[in-house]
Amino acid sequence: MSSACDDCAAAGSCEAQENGGCGEGPQSLQEQLNACSSVKKVIAVISGKGGVGKSFVTASLATALRKQGYEVGIMDADITGPSIPKMYGLHGPASGSELGVYPIETDDGVKVMSVNLLIEDEEAPVVWRGPVIAGTVKQFWTDVVWGDLDFLLVDMPPGTGDVPLTVFQSIPVDGVIIVTSPQDLVRMIVTKAYKMAELMDIPVLGIVENYSYLECPECGTKIPIFGESHIDEIAENLGVEVLGKMPLDPAYAEIADAGLFGKADNLYLDQAVDLISKL
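Here is what the cut-offs are and how they apply
- Residues numbered from 1 in each chain as written.
- Predicted model: local features only at pLDDT ≥ 70, side-chain atom pairs only at ≥ 80, totals over all residues.
- Heavy atoms only, no water.
- Helix = DSSP H or I, 4+ residues; strand = E, 2+ residues; numbered from the N terminus.
- Buried < 20%, exposed > 50% of the residue type's maximum accessible area, 1.4 Å probe, protein only.
- Contact = heavy atoms within 4.5 Å.
- Areas by Shrake-Rupley, 256 points an atom, 1.4 Å probe, with all protein chains shown as cover.
- Polar contact = N/O pair within 3.5 Å; in protein donor to acceptor, adjacent residues only side chain to side chain.
- Axes fitted to C-alpha atoms, helices over the stretch in contact; angles between N-to-C directions.
- Left-handed = near helix turned anticlockwise from the far one by under 90°.
- Nonpolar A, V, L, I, M, F, W, Y, C, P; charged D, E, K, R; others polar.
- Phe/Tyr/Trp six-rings, centres within 6.5 Å; stacked < 30°, edge-to-face > 60°.
- Pairing = 2+ DSSP bridges.
- Core = buried A, V, L, I, M, F, W, Y, C linked by side-chain atoms within 4.5 Å.
- Salt bridge = Lys/Arg side-chain N within 4 Å of Asp/Glu carboxyl O.

J.: I'd like a description of the overall build of the protein, backed by residues and values.
T.: A count of helical and extended segments in the protein gives 10 helices and 12 strands. Across the 279 residues in the protein, those meeting the buried criterion constitute 45%. Contacts in the protein between residues at least 24 apart in sequence constitute 77% of all its contacts with a sequence separation of at least 6. Accessible surface for the protein amounts to roughly 13,700 Å². Of this, 51% is attributable to carbon and sulfur atoms.

Here is the structure:
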C-alpha cells in the first residue's frame, strides 16, 4: 500500500507542493533580493481600477522622498502599461553585468526599472501571458542591482490579478497605499483592493484620492467635476487614513509629458510622505 506522501507525489498535488510537502509547514514564496542590493522598506502603490493616477502618485512620492535625502527606487510593475520612464524622460537600454541589471537614474537620483527600459521599441506592445509578466516582476527584485535603498516604491498594475498577487507573495512588502478617484463606484473598488492586502497580511497605510476637484483659476472655487467625494466615509469604514486629496491640475500633466517629473512638487501628498518616512 502506498503512503500518503507517495500519493501526493504521484498526483502532483499543488497544495502539497505549495505547503512544502506532506507533514511540513507552509513555505515562504518570497524571492531573494539581488545580492548587491539592500532595500529597507518596500511600499506598493495599488488601485482597484485603471486610470486613477497610480503612477502619478508613485512618482510624486518617490520625488518627494528623494528631496528629503532618502535613497529611493521605483519598480514599475505595470508591465503592459509602463509610464514611469516617460514621466522622468528616461530611455533604455538599461546596462548590466554579471551582477545583474542596473536601474536608470532620474535627474534627481531616483533609480527606476521598467520593461520600457529593456525593450528596443518603447512603443511596442508587451503582448505577454500572465506567467511571463509575473516572472519579469520577480526578476526586477532578484536580478536588478538596486544598491542601497531606503525605500522601493512598486507601481502596481490595476486590479487584483496575477501581478499584484506575485508582488505580494514574492517581495516583502511593508505596506500599501491605495489610489482612487471620487466616483461613487470607488466604494467597491477600494474595498476590493483593501481586502486583497488584508488577505495577504500586508498593512494598508492609507488612501489617496486623485481628481478630487478642479480649482477655478479665476476665483479659486473647488469644482467636484467627478462628483462629491465619499472617500472620508469609505476610509473610516475600513479603518484607514486618507493621506491626500489631489486636484486635477494640468501643470502636473505638462511636467509628466515633458519628462520632467523630477521637478514636480506635490504638496498634496505631504501627509503620505511623512507617514512613509517614519516607517
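We are not done yet, so read on.
J.: Would you mind going over helix 6 (residues 162-170) in detail, with residue names and values included?
T.: Those residues of helix 6 lying buried are Val163, Pro164, Thr166, Val167, Phe168 and Ser170. Those residues of helix 6 hidden inside the fold are in contact with strand 1 (38-46), helix 5 (130-142), strand 7 (148-155), strand 8 (175-180) and helix 7 (186-199).

J.: Help me get a handle on helix 9 (residues 250-257), residues and values and all.
T.: Capping the start of helix 9 is the job of one residue whose side-chain oxygen sits 3.0 Å from the backbone nitrogen of Ala251: Asp249. Gly259, located one to two residues past helix 9, shows a positive phi value of around 75°.

J.: Which residues make up the packing of helix 3 (residues 54-67) against helix 10 (residues 270-277), and what values do they have?
T.: Orientation of helix 3 relative to helix 10, taken along the N-to-C sense of each, is 60°, at an axis distance of 10 Å. Here the hand of the crossing between helix 3 and helix 10 comes out right-handed. Counted together, Leu61, Ala64 and Leu65 of helix 3 and Ala272, Val273, Ile276 and Ser277 of helix 10 form the full contact between these two elements. Residue composition of the contact of helix 3 with helix 10, by class: six nonpolar, one polar and no charged.

J.: Talk me through the packing of aromatic side chains; I want residue IDs and the actual numbers.
T.: All told, the structure shown has five aromatic pairs when counted by the stated rule. Consider the rings of Tyr88 and Phe261, whose centres lie 6.1 Å apart with planes at 80°: the pair is edge-to-face. Here the residue Tyr88 occupies a position in helix 4 (residues 84-88), and Phe261 occupies one in the loop between helix 9 and helix 10, the gap between them amounting to 173 residues. For the pair Tyr88 and Phe261, a shared accessibility class is recorded, and that class is buried.

J.: For the sheet that holds strand 8, give the residues involved together with the corresponding values.
T.: Spatially, eight strands are ordered 5-6-2-7-1-8-9-12 in an open sheet, and the strand pairing comes out mixed. For this open sheet the edge positions go to strand 5 (104-105) and strand 12 (242-245), each flanked by a neighbour on one side alone. Here strand 2 (residues 72-76) pairs with strand 7 via five bridges, running parallel. The residue of strand 7 that forms the bridge with Asp76 is Asp155. Against the sheet, helix 3 engages strand 1, strand 2, strand 7, strand 8 and strand 9 (204-209), with an angle of about 165° to strand 7.

J.: Tell me what's going on with the nonpolar core, and back it up with residues and numbers.
T.: Grouped together as the largest cluster of nonpolar side chains are 78 residues, with contacts concentrated most on Leu61, Met75, Val167, Phe168, Val173 and Val176. Residues within four places of Leu61 in sequence aside, it is in contact with Val45, Leu153, Ile177, Leu269, Ala272, Val273 and Ile276.

J.: How would you sum up the pairing of strand 2? Please name residues and give values.
T.: The element strand 2 is largely enclosed, with a buried count of five among its five residues. Sheet topology places strand 2 next to strand 6 (residues 111-113); three bridges connect them, and they run parallel. For Met75, the partnering residue across the bridge sits in strand 6 and is Met113.

J.: Now, about the pattern of salt bridges: what can you tell me, with residues and values included?
T.: Per the counting criterion, the structure on display carries eight salt bridges. With its nearest N and O atoms 3.9 Å apart, the salt bridge here joins Glu31 to Lys138. You can see Glu31 sitting in the loop between helix 2 (14-18) and strand 1 and its partner Lys138 sitting in helix 5, a full 107 residues away along the chain. Taking the shortest distance from any N to any O, the salt bridge between Lys245 and Asp232 comes out at 2.7 Å. Placement of the pair is Lys245 in strand 12 and Asp232 in helix 8 (residues 231-238), with a sequence separation of 13 residues. You can call Lys245 partly exposed: its relative accessible area is 31%. Here the salt bridges do not stand alone but share partners, grouping Lys54, Asp78 and Asp155 into one network.

J.: How would you explain the environment of Leu243 if you had to name every residue and give the values?
T.: With respect to the element layout, Leu243 can be found in strand 12. Spatially, the C-alpha atoms of Leu243 and Val179 are 9.8 Å apart, while their sequence positions differ by 64 residues. Sequence-distant contacts of Leu243, defined by excluding residues within four places in its chain, comprise Ile177, Leu205, Gly206, Ile207, Val208, Tyr268, Leu269, Gln271, Ala272 and Leu275.

J.: Give a description of unusual backbone geometry that names residues and reports values.
T.: With an omega of 5°, the peptide bond between Gly92 and Pro93 qualifies as cis. Inspection of the secondary structure assignment puts Pro93 in the loop between helix 4 and strand 3 (96-97). A positive phi angle, close to 60°, is found at Asp201, a residue other than glycine. With respect to the helices and strands, Asp201 occurs in the loop between helix 7 and strand 9. For Asp201, a relative accessible area of 69% translates into the label exposed.

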